[in-house]
Amino acid sequence: MAAKKVLVTATNYSALCAEAKQLLEDAGCEIVENQLGRPHTYEELIPLVGDIDAVVAGVDTWDEAVFKHAPKLKAIARFGVGVDNIDLAQAKAYGIQVTNVPGGNANAVAELTVGLILSMMRNIPALQESAKRAYWDRRVGVELAGRTVGLLGFGNIAQMVARKLQGFDVKLIAYDKFPSAAKAEALGVELVDSDEVLKQSDVVSMHLPSLKETHHMMSDAQFGLMKESAYFVNTARGALVDEQALYRALQGGRIAGAAIDVYEREPVAADNPLLKLDNLLATPHTAAETEETYRRVGLATAQALLDVFEGRKPANLLG
C-alpha cells in the first residue's frame, strides 16, 4: 500500500489511541494530529486538508466547503456514532467513504448521563466548591429514588441508562419513533409518546439523533409541558434543544434545573447566557471521553481506514 496521510481531528489521539496510531503507522500512514484540544473551525481545517487521504473525524464540520479543498480525501472515519457534522450526500458525490462506530461510546455516555442526573439533583459541583472554599454551604438536594425518569429516544445509550438506573428505585418511561418493545419489557421501561415523557417525568434525558425533524425538538412548548420540579439532561446533540428556550425555562423557574454536555455551537462561547445560570450544570461535550472509548473507537476507526485503503468494504459504511 502506498503511503497515506491521515488527519486526526479527534483529540488526545497519541495519549489514548496509541494502539490505533501504531496500526496505521505500521501500514505506512503518516499521522497529522489535532494540536488544538478542541474541534477545528473551517478556517483551521482548510490549510490541513489539501494533501490528506483520510480523516479520523471528531465533531468538526465536514461538508462541500471543505471537500473541495481536499482532492485526495477518500475516507472519513467518524470517531463516534453521530454524523450530523458530516454531509453524507456531498461526501458520496466527492467519492468519500464515511464510517462510524455505533455503540462504541454507549457505555461511557450512559455512565456520564447517570452521573449528571445525580450531580444535578444533589448539587454536587456547588457542594464541592463550598467545601473547597470552606464556606460549608450544605445545600439541600432531592433524591432520585421514587422518581420517574423519562428517556427521549430508546436506542443503545438510552437502554444502557435504563439498565444502570434499575437499582435506583425509579419508574422508567421512554419515547422512540421505532421502539423495541421487547427491550423495553426486559428493562422494565414503559413506552409512551413524547408529550407523556415530558409531562410525567421528574428527570427527562435526551437520547435522540440530530436530524431535520428533531432540530429544536425541545422548545418553549416542550419545556412548558414539564413539571416545574423536573430536571432536563442532554448528552445527545446540541441541535435538539433551542438554547434560548432552555435559558428561559431555567431562568424563569419553569423547570428546576438542567445538565448539558452538548451545545448548538461548539466549542461553547464564553458569553453563552446559559453558563451564567446557577441551575445549569455544564460539561464540555465530554460524555464519550473515557480511556476505554478511545481505545475501542480508535481501533475501529483505524481498521476502517485501512480497509478503504486496501480496497475492502469497511464496517459501518454510511451513505
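In this text the structure is predicted, and so the values were computed from the model without any measurement. (Residues numbered from 1 in each chain as written. Predicted model: local features only at pLDDT ≥ 70, side-chain atom pairs only at ≥ 80, totals over all residues. Heavy atoms only, no water.)

Q: Give a description of helix H13 (residues 291-309) that names residues and reports values.
A: Here H13 spans 27 Å end to end across 19 residues, near enough to the 27 Å set by a 1.5 Å rise per residue. Within the sequence span of H13, burial applies to Thr293, Tyr294, Val297, Gly298, Thr301, Ala302, Ala304, Leu305, Leu306, Asp307, Val308 and Phe309. Two residues or fewer after H13 comes glycine 311, characterised by a positive phi angle close to 80°. (Helix = DSSP H or I, 4+ residues; strand = E, 2+ residues; numbered from the N terminus. Expected span 1.5 Å × (residues − 1). Buried < 20%, exposed > 50% of the residue type's maximum accessible area, 1.4 Å probe, protein only.)

Q: Any chance you could break down the environment of alanine 300 for me, citing the residues and the numbers?
A: With respect to the helices and strands, the residue alanine 300 is situated in helix H13. We classify alanine 300 as partly exposed; its relative accessible area is 32%. Separated by 223 residues in sequence, alanine 300 and alanine 77 place their C-alpha atoms 8.7 Å apart.

Q: Let's hear about the pairing of strand E7 (residues 171-175): which residues, and what values?
A: As paired strands, strand E6 (residues 148-152) and E7 are joined by five bridges and run parallel to one another. Opposite leucine 151, over in E7, you have alanine 174 as the bridge partner. The parallel pair E6 and E7, bridged by helix H8 (residues 156-165), forms a crossover whose chirality is right-handed. Two strands pair when backbone bridges link them, and E7 and strand E8 (residues 189-191) are joined in this way by three bridges, in the parallel orientation. Bridge pairing links leucine 172 to valine 189 in E8. (Pairing = 2+ DSSP bridges. Right-handed = clockwise from strand over helix to strand, strands pointing away.)

Q: Could you give an account of the sheet that holds strand E13 (residues 317-318), naming the residues involved and the relevant values?
A: Taken together, six strands build an open sheet; the order of strands is E2-E1-E3-E4-E5-E13 and the sheet is mixed. The strands lining the two open edges of the sheet, one partner per strand, are strand E2 (30-33) and E13. As paired elements, strand E4 (residues 75-78) and strand E5 (residues 97-99) share three bridges and run parallel to each other. Its bridge partner lying in E5, alanine 77 is registered against threonine 99.

Q: Pulling in residues and values, what's your account of the UniProt feature "domain: D-isomer specific 2-hydroxyacid dehydrogenase catalytic" (unreviewed entry) in the chain?
A: As annotated by UniProt and renumbered to match this structure, "domain: D-isomer specific 2-hydroxyacid dehydrogenase catalytic" (unreviewed entry) occupies residues 14-317. End C-alpha to end C-alpha, residues 14-317 measures 25 Å, and it is 36% helix and 14% strand. (UniProt positions renumbered as here; feature names shortened; annotations may be inferred.)

Q: Residues and numbers for the sheet that holds strand E10 (residues 231-234), please.
A: In spatial order, the strands read E8-E7-E6-E9-E10-E11-E12; together these seven strands make up an open sheet with parallel pairing. Single-partner strands in this sheet number two, and they are E8 and strand E12 (280-282). Taking the axes of each pair of neighbouring strands and ignoring which way they run, one obtains an average angle of 20° across the sheet. Here strand E11 (residues 257-260) runs beside E12; their pairing, made up of three bridges, is parallel. Looking at the pairing, isoleucine 260 lines up with alanine 282 of E12. (Axes fitted to C-alpha atoms, helices over the stretch in contact; angles between N-to-C directions.)

Q: With reference to specific residues and values, describe unusual backbone geometry.
A: Excluding glycine, residues mostly carry a negative phi; peptide bonds, for their part, are mostly trans. Put simply, glutamate 266 and proline 267 share a cis peptide bond, and its omega is -5°. Of note, proline 267 is situated in the loop between E11 and E12. The backbone of asparagine 12 sits at a positive phi, close to 60°, despite the residue not being glycine. Tracing the backbone through its elements, the reader meets asparagine 12 in the loop between strand E1 (5-8) and helix H1 (13-16). With a relative accessible area of 41%, asparagine 12 lands in the partly exposed category. The phi dihedral of histidine 216 falls on the positive side, at around 55°, and the residue is not glycine. Residue classification places histidine 216 among the partly exposed residues on the basis of a relative accessible area of 25%.

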